[in-house]
Protein chains: 2
Amino acid sequence: MPTNVPSGDGSLRFDLMIDGALRGVVRQAIGHVITHGLPGTHHFYLTFRTGQDGVEIPNALRAAHPDEMTIVLQNQFWDLRADEEAFEVTLSFNRIHHRLRVPFAALTSFADPSVQFGLQFQAETARPEDGADLPADGESDPAAAAGEQPAETPDAPAADDAAPA
Amino acid sequence: MPTNVPSGDGSLRFDLMIDGALRGVVRQAIGHVITHGLPGTHHFYLTFRTGQDGVEIPNALRAAHPDEMTIVLQNQFWDLRADEEAFEVTLSFNRIHHRLRVPFAALTSFADPSVQFGLQFQAETARPEDGADLPADGESDPAAAAGEQPAETPDAPAADDAAPA
């Protein structure tokens, strides 16, 4: 089940359900790569908030990318792993290998330019513990959900395998 | 994990991943109703292929709806249950209660008109056992994925709680 959907209150938040389901697609795609490798020309752009809880990256990278950072899984990545909450991968930055751990909840976008596939995620994946910021009757926001639709033209960031720093 | 995505071959089928993820949103919404009931004015339109494997409905309903059928979960439904593959519910048709079992894979659309939320699913959820009908390099079809996007104006079918037959 998606991990980003509140289950403790009585509201029906389709926007959060969609968000969690589409983050699950990223989890599944990464799981596919772990099992099968990257088929053909497929490659992944993953953009995440560097300051979000659970993100584990070198301090130098966080300093250089205080808001968001994009990594590419194409040719130069090692030891990709994933669990329900996050993926981990080793990348080379300035020829030094670093281990990164990125929760799926920290992702803001995912793209596979080889097949013009992309997903955009909510800037904040709220997990309202007390429901304080929910609409009165828990209605979903179609506009917010629309922001997470598969994009035919992913906004692929300018980054490469080796030197995002 | 979504149940409609092939895992045995090496292709990356984002279209099927999205399809499975969004069917999972329906599973989650039904699970929510099982736990919390239908909050406020929420109500669900569920359209499914009556002839698909695993669909269990009375013969009279199948005869009257040889292709698709829409049911509504609003006021008149009983004993809603769900597992990973399907949901079951008791509905009244011409004042006679019938038990229905509908696999999530048989759904063609889902809508909650109270919040202008809707999902459309692929007409066929292919589970290619031999990969014979896959594109050569397993590319996804952005157009197909786009057809499963959340719709802001669901095409709510003309049906009511009590008498779809």
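Structure's up top.
Described below are features of the structure shown in this document. No experiment lies behind these values; they were computed from the predicted model shown.

### A few points about the overall build of chain A
Reasoning step 1: Helix and strand counts for chain A come out as three helices and seven strands.
Reasoning step 2: In chain A, the order of α-helices and β-strands from amino to carboxyl end is α-β-α-β-β-β-β-β-β-α.
Reasoning step 3: For chain A, the proportion of its 165 residues judged to be buried stands at 53%.

### A short note on the packing of aromatic side chains
Reasoning step 1: Enumeration over the complete set of coordinates arrives at 12 aromatic pairs over all chains.
Reasoning step 2: Measuring from ring centre to ring centre gives 6.3 Å for Phe-110 of chain A and Phe-117 of chain A, while their planes differ by 70 degrees; the resulting arrangement is edge-to-face. Phe-117 of chain A carries the same exposure label as Phe-110 of chain A, and that label is buried.
Reasoning step 3: A network of ring pairs unites the aromatic residues Phe-14 of chain A together with Phe-44, Phe-110 and Phe-117 of chain B as a single cluster.
Reasoning step 4: Here the guanidinium or amino end of Arg-27 of chain A rests over the ring plane of Phe-104 of chain A, the centre of that ring lying 5.1 Å away.

### Details of the environment of Pro-58 of chain A
All names here are of chain A.
Reasoning step 1: Along the chain, Pro-58 falls in the loop between strand 1 (44-49) and helix 2 (59-64).
Reasoning step 2: Overall, Pro-58 belongs to the buried group, its relative accessible area being 18%.
Reasoning step 3: Between the C-alpha atom of Pro-58 and that of His-98, which follows or precedes it by 40 residues, the distance is 7.2 Å.

### Things to note about the pairing of strand 4 (residues 86-93) of chain B
All names here are of chain B.
Reasoning step 1: Counting buried positions along strand 4 yields seven of eight residues, so the element is predominantly enclosed.
Reasoning step 2: The pairing of strand 3 (residues 78-82) with strand 4 spans three bridges and is classified as antiparallel. The residue bridging Ala-82 from the neighbouring strand is Phe-87, located in strand 4.
Reasoning step 3: Between the end of strand 3 and the start of strand 4, which pair antiparallel, lie three residues.
Reasoning step 4: Bridging between strand 4 and strand 5 (residues 96-103) involves eight bridges; their strand directions are antiparallel. Residue pairing for strand 5: Thr-90 is matched across the bridge by Arg-99.
Reasoning step 5: Following strand 4, the chain reverses through two residues before pairing antiparallel with strand 5; Asn-94 in that reversal takes a positive phi of roughly 55 degrees.

### Topic: the pattern of salt bridges
Residues and elements named next belong to chain B.
Reasoning step 1: In total, this model carries 16 salt bridges over all chains according to the counting rule given.
Reasoning step 2: Measuring nitrogen to oxygen at the nearest pair gives 4.0 Å for the salt bridge that ties Arg-27 to Glu-84. Residue Arg-27 is located in helix 1 (residues 14-36), and its partner Glu-84 is located in the loop between strand 3 and strand 4; the two are separated by 57 residues in the primary sequence.
Reasoning step 3: The class for Arg-27 is buried, based on a relative accessible area of 11%.

### Regarding the sheet that holds strand 3 of chain B
Strand pairing in a sheet relies on backbone hydrogen bonds, with the paired strands running either antiparallel or parallel.
All names here are of chain B.
Reasoning step 1: Sheet architecture is open: three strands sit in the order 3-4-5, paired in antiparallel fashion. Strands at the two margins of the open sheet, each flanked by one partner only, are strand 3 and strand 5. Between one strand axis and the next, the sheet turns by 20 degrees as a mean value, whatever way the strands run.
Reasoning step 2: Its contacts with the sheet place helix 1 against strand 3 and strand 4, and it is angled at close to 135 degrees to strand 3.

### Points about the packing of helix 1 (residues 14-36) of chain A against helix 1 of chain B
Reasoning step 1: Across the interface, helix 1 of chain A lies against helix 1 of chain B with an axial gap of 9 Å and an inter-helix angle of 140 degrees. Put simply, helix 1 of chain A runs oblique to helix 1 of chain B. Remark: the crossing between helix 1 of chain A and helix 1 of chain B carries right-handed chirality. From helix 1 of chain A, Phe-14, Met-17, Ile-18, Ala-21, Leu-22, Val-25, Gln-28 and Ala-29 of chain A reach across to helix 1 of chain B, where they touch Phe-14, Met-17, Ile-18, Ala-21, Leu-22, Val-25, Gln-28 and Ala-29 of chain B.
Reasoning step 2: The residue makeup of the contact of helix 1 of chain A with helix 1 of chain B, split by class, is 14 nonpolar, two polar and no charged.

### Examining the side chain of Thr-90 of chain B
Residue and element names in this part refer to chain B.
Reasoning step 1: Within the fold, Thr-90 resides in strand 4.
Reasoning step 2: Engagement of the side chain of Thr-90 in a polar contact is seen with the side chain of Arg-99, the distance being 2.9 Å.
Reasoning step 3: In this structure, Thr-90 is in contact with Phe-77, Trp-78, Asp-79, His-97, His-98 and Arg-99, ignoring residues within four places of it in sequence.

### Looking at the sheet that holds strand 4 (residues 86-93) of chain A
All names here are of chain A.
Reasoning step 1: Spatially, 3-4-5 is the arrangement adopted by the three strands of the open sheet, whose pairing is antiparallel. Strands at the two margins of the open sheet, each flanked by one partner only, are strand 3 (78-82) and strand 5 (96-103). The sheet shows a mean angle of 20 degrees between the axes of neighbouring strands, taken without regard to direction.
Reasoning step 2: Most of the contacts of helix 1 go to strand 3, to which it runs at about 135 degrees, and overall it touches strand 3 and strand 4.

### Looking at helix 1 of chain A
Residues and elements named next belong to chain A.
Reasoning step 1: Helix length check: helix 1, at 23 residues, gives a terminal C-alpha distance of 32 Å against a target of 33 Å (1.5 Å per residue), a fit within 8%.
Reasoning step 2: Counting buried positions along helix 1 yields 19 of 23 residues, so the element is predominantly enclosed.
Reasoning step 3: Following helix 1 by one or two positions, Gly-37 has its phi on the positive side, about 80 degrees.

Cut-off values and rules
Residues numbered from 1 in each chain as written. Chains lettered and ligands numbered in written order. Predicted model: local features only at pLDDT ≥ 70, side-chain atom pairs only at ≥ 80, totals over all residues. Heavy atoms only, no water. Helix = DSSP H or I, 4+ residues; strand = E, 2+ residues; numbered from the N terminus. Buried < 20%, exposed > 50% of the residue type's maximum accessible area, 1.4 Å probe, protein only. Phe/Tyr/Trp six-rings, centres within 6.5 Å; stacked < 30°, edge-to-face > 60°. Lys NZ or Arg CZ within 6 Å of the ring centre and 35° of its normal. Pairing = 2+ DSSP bridges. Salt bridge = Lys/Arg side-chain N within 4 Å of Asp/Glu carboxyl O. Axes fitted to C-alpha atoms, helices over the stretch in contact; angles between N-to-C directions. Contact = heavy atoms within 4.5 Å. Parallel < 35°, antiparallel > 145°, perpendicular 65-115°, else oblique. Left-handed = near helix turned anticlockwise from the far one by under 90°. Nonpolar A, V, L, I, M, F, W, Y, C, P; charged D, E, K, R; others polar. Polar contact = N/O pair within 3.5 Å; in protein donor to acceptor, adjacent residues only side chain to side chain. Expected span 1.5 Å × (residues − 1).

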